[in-house]
Every structure is written in structure tokens, then in C-alpha cells.
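# Structural features, examined
Here's the letter readout for the chains.
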Amino acid sequence: MPTSFRHRPVLAAVLAGAGALMAGAVQAQEAAAPAAAVPAAGPGVAQGVAQGAAQGMPDASAALASLPHDLSPWGMFVTASPVVQAVMVGLALASVVTWTIAIAKTAEVTSAKRKARAALEMLEEARSLSQAAERVGFSQGTAGALVRAVLAETHMSADAPSRDGLMDRAASRLERIEAAAGRRMARGTGILATIGSTGPFIGLFGTVWGIMTSFIGISKAQTTNLAVVAPGIAEALLATAIGLVAAIPAVVVYNACSRAIGGHKAQLTDASAAVLRLLSRDIDRHALPRPHAVQGHAAQAHGNSRAAE
């Protein structure tokens, strides 16, 4: 057998062993490359994870620990700053005043309008001042005051040589009575206007103060976590909400009272015109009430009022 054929198995075994060694080297290099890359990026990643665990988690736990558990309106009021609490209390009192005036004015204006309506019907049915005095002249309402004023002016002008100025003097008296009744009926509505115009701004002051306090707390805590500042901002916004709760009803009640008082003034104007028409009729008829008749009506009305008591 030739030599080349005799050594062929040995050569094949050598080549197979060399291939195995080369394959092992390549696999070792591939396995070593990721291991080398990980140490390059590993310190940064590990440092970031460590910092997140050392800084982020304590901040979150501290924020959750400082977050109030009661975020109801009463809970926010209790935990608010003294200035914001004072603003809330003032606005709450203003709201109470608003509803008190609303109830009182509703009852007052309703009663006054009912009395004026009844008196106006009687004045329209009367044919003279004497008849008007018998019906409504000495009642306690404003219409009775109108009739009494005209009778008093008639009594004081009894010795006047002319009746030309009697209508003007009577109209002047009636005008002043109407103005006094309007002022008396409008008492308290100025407070409603003040509350309605200043309530939102007072609440806004409490909001600004509360937000300023929250930002001061952010600078002291050295954190921008929303859980730390959210309760303070919510408390501040509660002041604005209470300001609107106080201001909106005040404006609505003020407008309603203004319309009702305007309607009552129109009724008084109609009653005044009716009394002046009765006076004009008596002047044309030369049938003005005599002084003793006026005094008799006054005594009778006084006796009726005593009997009613």
C-alpha cells in the first residue's frame, strides 16, 4: 500500500482536531463580547437604579406620608392656613347674611305689595277724600300715609285765599312719602350688592395666599412631587369656591329685591296719583274735607286701633 494512502486517516484526524479548536475559539470570543459590553454599561445602569431606589422611593413614600387622608371640604378647611381659614369663615358668614336678608325682604316686600294693592283698589273706588279717609286714610300702610298727608295739607291750607297751590303742595308731600317708603324698603339691599361684588375677590385672595404657601412648601421640601403640593392647592381653590357660593346668591337676591321694590314703588306712585285725583275732584266740587271732619276721622281711627289691640 502506498504511503499517502497509509497516512490519510491520521491527516483527517489532525484536520478535525484543528477545526474543533477554531470553533471553540470563535465561540469563546462571541461569549466574551457581551460580557465585555455589560461592564461598560453596567455601572451607569446600576448607578441609576441605585439612585432611583435611594432617592425616588423615599420621596414618594414621604409624599404619601405627608398627603392628608381627609380631602373633604371640612378636612381641607381644618388643614388650611389661618389666613385661608379666616377668608372661608368670613365668606360663610356673608352667605348666612345673604340668605337672612333674602328671607326677610321676601316677607317684607310681599306684605307691603299686598297692602298697597288692596289700598289702591279702595282708592279707585272712593269718590272723595272723606270717603278715602274712611276706608284707608288712617291705616298703617303707606297708602294711608298718603291720604293723611293730603288731609293734613288741606287742613293747613283751609284759610288760604286761593286753592291754586294746594295741588302742588300736596304733590310735594306725596313725593317725599314715596321716597321715604322706597328708602325704607331698600334697606339691607346694599349689603347684598357689596357681598356680590367683593365675594369672588375675597375668595381669590384666599386662593392666592394658599397657592403661595404651597410653593413655599415646595421650596422647603425641595421636591416637585405633585402629591406634596396638591392638598395645599385644593385648599386654596376651596376658598374661591366658597367665595362664589356667597357671591352668586347675593347677586341673584339683589336683582330680585330690586325688581320687587321697583314694583312696590310703582304701586305707591299709582296710589299717590289716585289721591291727587280725589283732591282735584274735591277742589272742583268745592267739597274739601273740613278740619273737624278730619279730626273726627283721626279720633275714630285711633279708637278702632285701640279696640283692635
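Residues numbered from 1 in each chain as written. Predicted model: local features only at pLDDT ≥ 70, side-chain atom pairs only at ≥ 80, totals over all residues. Heavy atoms only, no water.

## Comments concerning the overall build of the protein
As a reminder, the rule being used: Only DSSP runs of H or I reaching four residues or more are called helices, and only runs of E reaching two or more are called strands; each is numbered from the N terminus. Remark: exposure states derive from per-residue accessible area (1.4 Å probe, protein chains only) relative to the maximum for the residue type, with buried under 20%, exposed over 50%, and partly exposed in between. Where accessible areas are quoted, they stem from the Shrake-Rupley method and a 1.4 Å probe; at the residue level, only the protein chains shown are allowed to cover.
Secondary structure assignment for the protein yields 10 helices and 0 strands. Each helix and strand of the protein, ordered N terminal to C terminal, gives the series α-α-α-α-α-α-α-α-α-α. With 309 residues in all, the protein has 30% of them scored as buried. By element, 66% of the accessible surface of the protein is carried by carbon and sulfur atoms, the whole surface being about 18500 Å².

## Concerning the packing of helix α6 (residues 142–156) against helix α7 (residues 166–185)
Stated formally: For helices, the axis comes from a line fit to the C-alpha atoms of the stretch in contact; other axes are also lines fit to C-alpha atoms, and the angle between any two N-to-C directions lies between 0 and 180 degrees. Here is the rule for angles: anything less than 35 degrees is roughly parallel, anything more than 145 is roughly antiparallel, 65 through 115 is roughly perpendicular, and the remaining ranges are oblique. Should the near helix be turned anticlockwise from the far one by less than a right angle, the crossing is left-handed, and should it be turned clockwise, the crossing is right-handed. By definition in these notes, contact holds between two residues if any of their heavy atoms fall within 4.5 Å. For this scheme, ten residues count as nonpolar: Ala, Val, Leu, Ile, Met, Phe, Trp, Tyr, Cys and Pro. Four count as charged, namely Asp, Glu, Lys and Arg, and the remainder, Gly too, count as polar.
Where α6 contacts α7, the axes come no closer than 9 Å and their chain directions differ by 150 degrees. By the angle class used here, α6 and α7 are roughly antiparallel. Every pair of crossing elements has a handedness; the one defined by α6 and α7 is right-handed. Packed against α6, whose contacting residues are Thr142, Ala145, Leu146, Ala149, Val150, Ala152, Glu153, Thr154 and Met156, the element α7 presents Leu166, Arg169, Ala170, Arg173, Leu174, Ile177, Ala181 and Arg184 at the interface. Each residue belonging to the contact of α6 with α7 can be placed in one class, and the counts come to 11 nonpolar, 2 polar and 4 charged.

## Quick word on α6
Our working rule: Here the expected span of a helix is defined as 1.5 Å times the quantity of residues minus one.
With 15 residues, α6 ought to run about 21 Å at 1.5 Å a step, and its terminal C-alpha atoms sit 21 Å apart, in line with that. Most of α6 sits out of view: 11 of its 15 residues are buried. Among all positions of α6, only Thr142, Ala143, Gly144, Ala145, Leu146, Val147, Ala149, Val150, Leu151, Glu153 and Thr154 are buried.

## Here we look at the packing of aromatic side chains
Which entries qualify depends on this criterion: Planes of paired rings set the category: under 30 degrees apart is stacked, over 60 is edge-to-face and the rest tilted, where pairs are Phe, Tyr or Trp rings (Trp by its six-membered ring) whose centres lie within 6.5 Å.
If you walk through the whole model with that rule in mind, you get 1 aromatic pair. Taken together, a centroid distance of 6.1 Å and an interplanar angle of 45 degrees make the contact between Phe205 and Trp209 tilted. Here Phe205 and its partner Trp209 are both found in helix α8 (residues 189–221), 4 residues apart, which amounts to about one turn of the helix. Classification of Trp209 as partly exposed rests on a relative accessible area of 32%.

## Things to note about the confidence of the model for the protein
Selection criterion: pLDDT measures how confident the predictor is about each residue, on a scale from 0 to 100.
Here the protein averages 74 in pLDDT, while 67% of its residues score no lower than 70. Confidence, read as mean pLDDT per element, is least for helix α10 (residues 291–308) in the protein (43) and greatest for helix α4 (residues 82–125) (91). Overall, residues 1–7 carries pLDDT values under 50, and its contacts beyond four positions in sequence, including any with other chains, amount to 1 contact. Within the model, the stretch residues 31–67 combines pLDDT values under 50 with 12 contacts to residues more than four positions away or in other chains.

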